[in-house]
2 protein chains.
Amino acid sequence: MLSTMQDVPLTVTRILAHGTTVHGKAEVITWTGEGEPHRQTFRETGLRAAQLANALHDELGVRGDARVATLMWNNSVHLEAYLAIPAMGAVLHTLNLRLPAEQLAWIIQHAADRVVLVNGSLLPLLAPLLPQLPTLEHIVVAGPGDRSVLAGSTAQVHDYEELLAGRPETYDWPETDERQAAALCYTSGTTGDPKGVVYSHRSLYLHSMHVNTAEAFALTGRDIALPVVPMFHVNAWGLPHAAFMAGTSLLMPDRFLQPGPLAEMIEAVRPTIGAAVPTIWQGLLAELDTRKEAGAIEGASSLATVIIGGSACPPTLMKAFEDRHGIRVVHAWGMTETSPLGSVAHPPAGVTGDEEWRYRCTQGRFPASVEARLAGPGGEYLPWDGESAGELEVRGPWIAGAYYGGADGEHFRPEDKFSPDGWLRTGDVGTITPDGYLTLTDRAKDVIKSGGEWISSVELENHLMAHPDVAEAAVVAVPDDKWGERPLATVVLKEGATTGYEELKAFLAGRIARWQVPERWAVIPAVPKTSVGKFDKKVLRKQYADGGLDVTRLG
Amino acid sequence: MLSTMQDVPLTVTRILAHGTTVHGKAEVITWTGEGEPHRQTFRETGLRAAQLANALHDELGVRGDARVATLMWNNSVHLEAYLAIPAMGAVLHTLNLRLPAEQLAWIIQHAADRVVLVNGSLLPLLAPLLPQLPTLEHIVVAGPGDRSVLAGSTAQVHDYEELLAGRPETYDWPETDERQAAALCYTSGTTGDPKGVVYSHRSLYLHSMHVNTAEAFALTGRDIALPVVPMFHVNAWGLPHAAFMAGTSLLMPDRFLQPGPLAEMIEAVRPTIGAAVPTIWQGLLAELDTRKEAGAIEGASSLATVIIGGSACPPTLMKAFEDRHGIRVVHAWGMTETSPLGSVAHPPAGVTGDEEWRYRCTQGRFPASVEARLAGPGGEYLPWDGESAGELEVRGPWIAGAYYGGADGEHFRPEDKFSPDGWLRTGDVGTITPDGYLTLTDRAKDVIKSGGEWISSVELENHLMAHPDVAEAAVVAVPDDKWGERPLATVVLKEGATTGYEELKAFLAGRIARWQVPERWAVIPAVPKTSVGKFDKKVLRKQYADGGLDVTRLG
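Residues numbered from 1 in each chain as written. Chains lettered and ligands numbered in written order. Predicted model: local features only at pLDDT ≥ 70, side-chain atom pairs only at ≥ 80, totals over all residues. Heavy atoms only, no water.

K.L.:
Any chance you could explain the overall build of chain A here in plain terms?
P.N.:
The helix and strand inventory of chain A stands at 16 helices and 26 strands. Compactness check: chain A gives a C-alpha radius of gyration of 25 Å against a globular reference of 24 Å for 555 residues, within 12% of the reference. Here the C-alpha coordinates of chain A stretch approximately 80 × 65 × 60 Å along the principal axes. Sorting the 555 residues of chain A into buried and exposed places 60% on the buried side. The long-range fraction of contacts in chain A, counting pairs at least 24 apart against all pairs at least 6 apart in sequence, stands at 65%. (Helix = DSSP H or I, 4+ residues; strand = E, 2+ residues; numbered from the N terminus. Rg over C-alpha atoms; globule rule 2.2 N^0.38 Å. Buried < 20%, exposed > 50% of the residue type's maximum accessible area, 1.4 Å probe, protein only. Contact = heavy atoms within 4.5 Å.)

K.L.:
Which parts of the structure should I look at to understand the nonpolar core?
P.N.:
In terms of nonpolar packing, the biggest core is built from 182 residues, with Leu117 and Phe217 of chain A together with Leu117, Phe217 and Leu219 of chain B touching the most fellow members. Apart from residues no more than four positions distant in its own chain, Phe217 of chain B is found in contact with Val211, Trp237, Leu239, Ile273, Ile307, Leu341 and Val344 of chain B. (Core = buried A, V, L, I, M, F, W, Y, C linked by side-chain atoms within 4.5 Å.)

K.L.:
Even after reading the chapter, I still don't get the pairing of strand β12 (residues 273-276) of chain A, so can you show me in this structure?
P.N.:
The side chains of a regular strand alternate between the sheet's two faces. Residues and elements named next belong to chain A. Neither face of β12 is left uncovered, since the one carrying Ile273 and Ala275 and the one carrying Gly274 and Ala276 both have all their residues buried. Sheet analysis places strand β10 (residues 224-227) next to β12, joined by three bridges and oriented parallel. Looking across to β12, one finds that Leu226 is bridged to Gly274. (Pairing = 2+ DSSP bridges.)

K.L.:
Sorry if this is basic, but what is going on with the packing of helix α1 (residues 12-21) of chain A against helix α2 (residues 42-59) of chain A here?
P.N.:
Helix-helix packing: each pair is described by the crossing angle between the helix axes and the interaxial distance. All names here are of chain A. At a closest axis distance of 7 Å, the pairing of α1 and α2 adopts a crossing angle of 135 degrees. In terms of orientation, α1 lies oblique with respect to α2. Remark: the crossing between α1 and α2 carries left-handed chirality. Residue-level inspection shows Leu16, Gly19, Thr20 and Thr21 of α1 in contact with α2, the latter providing Phe42, Arg43, Gly46 and Ala49. A class-by-class count of the residues in the contact of α1 with α2 yields three nonpolar, four polar and one charged. (Axes fitted to C-alpha atoms, helices over the stretch in contact; angles between N-to-C directions. Parallel < 35°, antiparallel > 145°, perpendicular 65-115°, else oblique. Left-handed = near helix turned anticlockwise from the far one by under 90°. Nonpolar A, V, L, I, M, F, W, Y, C, P; charged D, E, K, R; others polar.)

K.L.:
Honestly, the sheet that holds strand β8 (residues 181-187) of chain B in this entry has me stumped. Any pointers?
P.N.:
Neighbouring strands of a sheet are bound in pairs by backbone hydrogen bonds; such pairs are parallel or else antiparallel. Residues and elements named next belong to chain B. If you trace the seven strands from one edge of the open sheet to the other, you get β7-β6-β5-β3-β4-β8-β9, paired in mixed fashion. The open sheet has two free edges, formed respectively by β7 (156-159) and β9 (195-200), since each of these has just one partner strand. Sheet twist, expressed as the average angle between the axes of neighbouring strands with direction ignored, equals 25 degrees.

K.L.:
Explain the packing of aromatic side chains here, please?
P.N.:
The description of an aromatic ring pair uses the distance of the two centres, along with the angle that the planes make with each other. All names here are of chain A. The full count for this structure, using the stated rule, is 18 aromatic pairs over all chains. An angle of 35 degrees between the planes, with centres 6.2 Å apart, marks the rings of Tyr501 and Trp521 as tilted. Placement of Tyr501 in helix α15 (residues 501-509) and of Trp521 in strand β25 (residues 520-523) is noted, with a sequence separation of 20 residues between them. An aromatic cluster is defined as three or more aromatic residues linked by ring pairs; in this entry it consists of Tyr403, Phe412 and Phe418. (Phe/Tyr/Trp six-rings, centres within 6.5 Å; stacked < 30°, edge-to-face > 60°.)

K.L.:
Is there a simple way to think about the environment of Gly326 of chain B in this case?
P.N.:
Residue and element names in this part refer to chain B. Within the element layout of this structure, Gly326 appears in the loop between α12 (315-325) and β14 (328-334). In the structure, Gly326 is positioned 23 residues away from Leu303 in sequence and 8.2 Å away in space, judged by C-alpha atoms. Setting aside residues up to four positions removed in sequence, Gly326 forms contacts with Leu303, Ala304 and Phe321.

K.L.:
Teacher, can you tell me more about the relation of the copies chain A and chain B here?
P.N.:
In summary, the two copies of the chain are related to each other by a rotation about an axis coupled with a shift along it. After a rotation of 180 degrees and a shift along the axis of 0.0 Å, chain A superposes on chain B with an RMSD of 0.1 Å. Here the copies are linked by what is in effect a two-fold axis. No C-alpha of chain A approaches the rotation axis more nearly than that of Thr213 of chain A, which lies at 1.8 Å. A share of 99% of the interface residues of chain A reappears at the interface of chain B, consistent with the copies meeting face to face through the same patch. (Least-squares fit on C-alpha atoms with pLDDT ≥ 70 in both.)

K.L.:
Honestly, the interface of chain A and chain B in this entry has me stumped. Any pointers?
P.N.:
Interfaces are often described in size by the accessible area the parts lose on coming together. Chain A puts 79 residues into the contact, and the matching count from chain B is 78 residues. Taken together, both faces of the contact between chain A and chain B bury some 6,000 Å²; the carbon and sulfur share is 53%. Along the contact surface separating chain A from chain B lie 12 salt bridges. A salt bridge links Asp7 of chain A to Arg179 of chain B, with the shortest nitrogen-to-oxygen separation between them at 2.7 Å. Taken together, the connections running from chain A to chain B amount to 51 residue pairs in polar contact (both at pLDDT 80 or more). (Buried area = accessible area lost by both parts, 1.4 Å probe. Salt bridge = Lys/Arg side-chain N within 4 Å of Asp/Glu carboxyl O. Polar contact = N/O pair within 3.5 Å; in protein donor to acceptor, adjacent residues only side chain to side chain.)

K.L.:
I keep staring at the pattern of salt bridges and nothing clicks. Help me out?
P.N.:
Tallied over the full model, the rule gives 65 salt bridges over all chains. In this structure, the salt-bridge partner of Arg202 of chain A is Glu178 of chain B, at a minimum N-O distance of 2.8 Å. Of this pair, Arg202 of chain A sits in helix α7 (residues 201-211) while Glu178 of chain B sits in the loop between α6 (160-164) and β8, which puts the two residues in different chains. Residue Arg202 of chain A is classed as buried on the basis of its relative accessible area, which comes to 2%. Among the salt bridges present, the one from Asp546 of chain B reaches Lys542 of chain B, with a minimum N-O distance of 2.9 Å. The pair formed by Asp546 of chain B and Lys542 of chain B is uniform in burial state, with each residue classed as exposed. It is possible to trace a salt-bridge network through shared partners that takes in Asp7, Glu178 and Arg202 of chain A together with Glu178, Arg179 and Arg202 of chain B.

K.L.:
Honestly, helix α4 (residues 101-111) of chain A in this entry has me stumped. Any pointers?
P.N.:
Within an α-helix, residues lying three or four positions from one another point in the same direction, as the helix has 3.6 residues per turn. All names here are of chain A. All buried positions along α4 are accounted for by Leu104, Ala105, Ile107, Ile108 and Ala111. The arc enclosing the buried residues of α4, seen along the axis, measures out at 160 degrees, which places them on a common side. Against the buried residues of α4 lie β3 (67-71), β4 (91-94) and β8 (181-187). Ala112 sits one or two positions beyond α4 and adopts a positive phi of about 55 degrees. (Arc of directions from axis to C-beta.)

K.L.:
Teacher, can you tell me more about the confidence of the model for chain A here?
P.N.:
As a note on interpretation, predicted positions should not be read in detail where pLDDT is low. On average, residues of chain A carry a pLDDT of 94, and 99% of them reach 70 or more. The ipTM value of the predicted complex is 0.92, and its pTM value is 0.93. (pLDDT = per-residue confidence, 0-100.)

K.L.:
Would you mind showing me how to read the sheet that holds strand β5 (residues 115-119) of chain A here?
P.N.:
Residues and elements named next belong to chain A. Strand order in the open sheet made by the seven strands is β7-β6-β5-β3-β4-β8-β9, with mixed pairing throughout. Both edges of this open sheet fall to β7 (156-159) and β9 (195-200), since each of them pairs with a single strand only. In this sheet, neighbouring strand axes are inclined to one another by 25 degrees on average, regardless of whether the strands run parallel or antiparallel. Where strand β6 (residues 138-142) meets β7, four bridges bridge the pair, whose relative direction is parallel. Bridging from a neighbouring strand, Val140 pairs with His158 of β7. Sheet strands touched by α4: β3, β4 and β8. Its angle to β8, the strand with the most contacts, is close to 150 degrees.

K.L.:
When you look at unusual backbone geometry in this model, what are you seeing that I'm missing?
P.N.:
The general pattern is negative phi for most residues beyond glycine and trans for most peptide bonds. In this structure, the amide linkage connecting Ser339 of chain A to the following residue, Pro340 of chain A, adopts the cis form with an omega of 5 degrees. Examined against the element boundaries, Pro340 of chain A turns out to sit in the loop between β14 (328-334) and β15 (341-344). In the Ramachandran plot, Asp254 of chain A falls in the positive-phi region, its phi being about 50 degrees despite a non-glycine side chain. Following the sequence through the fold, Asp254 of chain A ends up in the loop between β11 (249-252) and α10 (259-269). The phi torsion at Ser339 of chain B lies on the positive side, around 80 degrees, for a residue other than glycine. Looking at where Ser339 of chain B falls in the secondary structure, it is placed in the loop between β14 and β15 (341-344).

K.L.:
Any chance you could explain the side chain of Arg520 of chain A here in plain terms?
P.N.:
Residues and elements named next belong to chain A. Checked against the element boundaries, Arg520 lands in strand β25. Only 2.9 Å separates the side chain of Arg520 from the side chain of Asp480, close enough to count as a polar contact. Of the polar contacts made by the side chain of Arg520, one reaches the side chain of Tyr544; its length is 3.4 Å. Not counting residues within four places of it along the chain, the set of residues in contact with Arg520 comprises Val478, Pro479, Asp480, Arg486, Pro487, Leu488, Ala489, Tyr544, Val551, Thr552 and Arg553.

Here it is as structure tokens:
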């Protein structure tokens, strides 16, 4: 039988209405790099969001589920776009300004963006793309920046403030079906074209509720959140919408992401919670240390918690923040396809000391809305015993089940990304403890499938690099007639070292299971790297296939 | 366009699966009144829930959306029912054991309960009803109690443990549509028959997520929650399902709700958060005071927070808990029709001292999922200015939009309970501040509609009772040719007092708007009371209508 509950949809429109009324006094504080930051209440943000919606509808012809792109830093104007565009029924398309120009142009064309909102400071990034963007009709420029670079554009250029000026501060927001598209974000995968993930009103709403739970980020009306993680990076981990829902004021760093300005804005505005990738926090830690030594910081930082995600965080960094500045670092895991919050590493009840740190250094625990399972090399599902390693597959109301717009214009589900029963294949390999803590060890493409078992290349590399004569080591899978795949160990020796393969093999044998020890070895002058400094294993595999490596086979 | 998100339903089934895996080590601790409490992990609770589902399905013939009733205290068996019954697709029907026998029998018949789970200690309550329950087929008795009172019942009697013994510890839980019925609870309105509210899987899931947000009760895996509020009282304010979702251990008081045992279990199990109505906390405060003075309590209580709801809480009680025991009292408002969490009184940012207390003594602030408006006497909607008083109407995904099973078997929507556009009319009158804080002052039936304006009877009564000669005062609406309704003030004078009406009128005139001052006055020997000690205004209105009051009309 049906319940007697009201059938009220979960929408960004509701988040907007709630934040601008109940939490109308909360603030969006945007750092400007000089003098006082720009302050604007949630109520004012709502009025301006209505003006933006009127402008997009009346002036720029945005109708139905048209995509409206943003190429912007974290600031109050971007927040207005975050609210107005989904609430009016259109689709917010955040553009990752760190992508190569070619990919950016491809994405804008693929999403069929007719309108782009862009920060003036980012025009030098947009201008060169314009010749490749024949369908772009409107460029709306917000904030300072040299507009002259747009000369010659076939698109109409508007000033954001002029476009909004004088428009009504109310908008007749439609009641949208919660399963309709609200926002679009492309993954920048290393292989193939970028793939679009379309968030629904429902997924954004549920994700925001989850962000605000005490087992996640626990935002309240008494907090000020500092999303250093960009709003073009999986919706700044959900913080803008979640903050609007909880009445949490937002400190927006705009383009000032260097350690110095970050430390300054933290001292001036006193946020209570921040979110960023490890490299940002690493830089900030050094800055805080320097300022503290110089006496520039009084007492503890206002930051009670910083969320770290994007990649594993060194425990030393976590401990340094806590010991030296009283800031608790919380580890979280997620990806574009998971909205992104997949797991958060709060420790369980009753643990302390080293045991607590072990839990806090995992990728964390899943919430009820993220169902998880580990698929083994043979496709079988593995127990949560903290030892069986498999590819993480997840399911839930804010997890992608397809990608946007394949060749035929329909959503598509590549086999390597989704299981036949619709779960997302994360491409991450790891273990889950009996109490639900995830530890990721490898990317699926970096594990070696040897006779129905997996060997972690990362684990082998770590062990090899622990040898005093080894400078670097990279392990890749190579085809093997008997086992399917076997590990090939490539090693860079420290200057002057002449260590033999047998010794390295014996070194490994003491540390890992015998069947995991590689037979194939090669000393190389350096491990090939990608543009961002990661091991480029594609190159190694190709060198091996082409016979370009001097491989020794043992035993 | 549709999103690319997975379409995963929000169900109690998911809460069950999550709690028994990720939070399998969390515990349900049931107080037994003697020796060690009964402890059972969430994992064990899940295994037993599966056994219960198997028993209900295979042995008792529970199919589809059949209602399964519970007449139970807060304990681990009741929690098993909370999980198993909705998860198997049936409907959990909690029976309020404090209702008069007639109402209880009516409700069981109305819901067509074929099966009832009952605690042995409550059999004396159930036995006398049985002759009126011809459709009841199975009585499942859990825990100690004299079964002999059931002799002569036409229903089959089962022992809970015997029924479960040996059954499979897994169940093939169906994937239920989230809008389907999960639980049923009847309101015990003072007028007319009780009305059934049917919660959906969706509403329970969303409500649980909300309970766990930091702006509500902020449950975590490191908390132990003590729901003193009964599980037959609007699902113990959502705590059982929310705790299972967050991995919060539960301390269940069973039938031991007296201050002494509550204090004992708090010291033995050390819960961190509790929930109950003010009278319970009032009793506990006295007990804690006594124990502290006697030196029986060492240090601060483990309770960091207690949630108070059900009726307004005296600020002195709130302050006493905080000052004397370091326990923070949090005020919340809700009703059966609101699942129940409607608002929670956490203060806003930046307030301290008396201002903070003013906020904390309100009914609190609405979450995003509870949309609110105030309907004035003429049906117009009033501003949130902290002054305009209107009837609170609410809308949202966990708010009732109808009642269960009218004359034709369909859900029905009485006009006085639901607005034409489907909002719930709460029957509560109050104000909302610009920052969304609700203060309730009256029940709608107790306000006087005078010439298109409302007069609060409670406010008049409070002012009258502030007069040194007045022992009690009750104000009711009486018909008036010119104004529609006007207030009639009935006053009980203190012994020996001979204060005149003119003096009382002048006393009021200095405190309220002139047009609100009553013209009609009557001194009465005592205010008629209901069985639970509340003013019985129905009786006063009838006395007035029948000419049974000696009314003086002034000016």
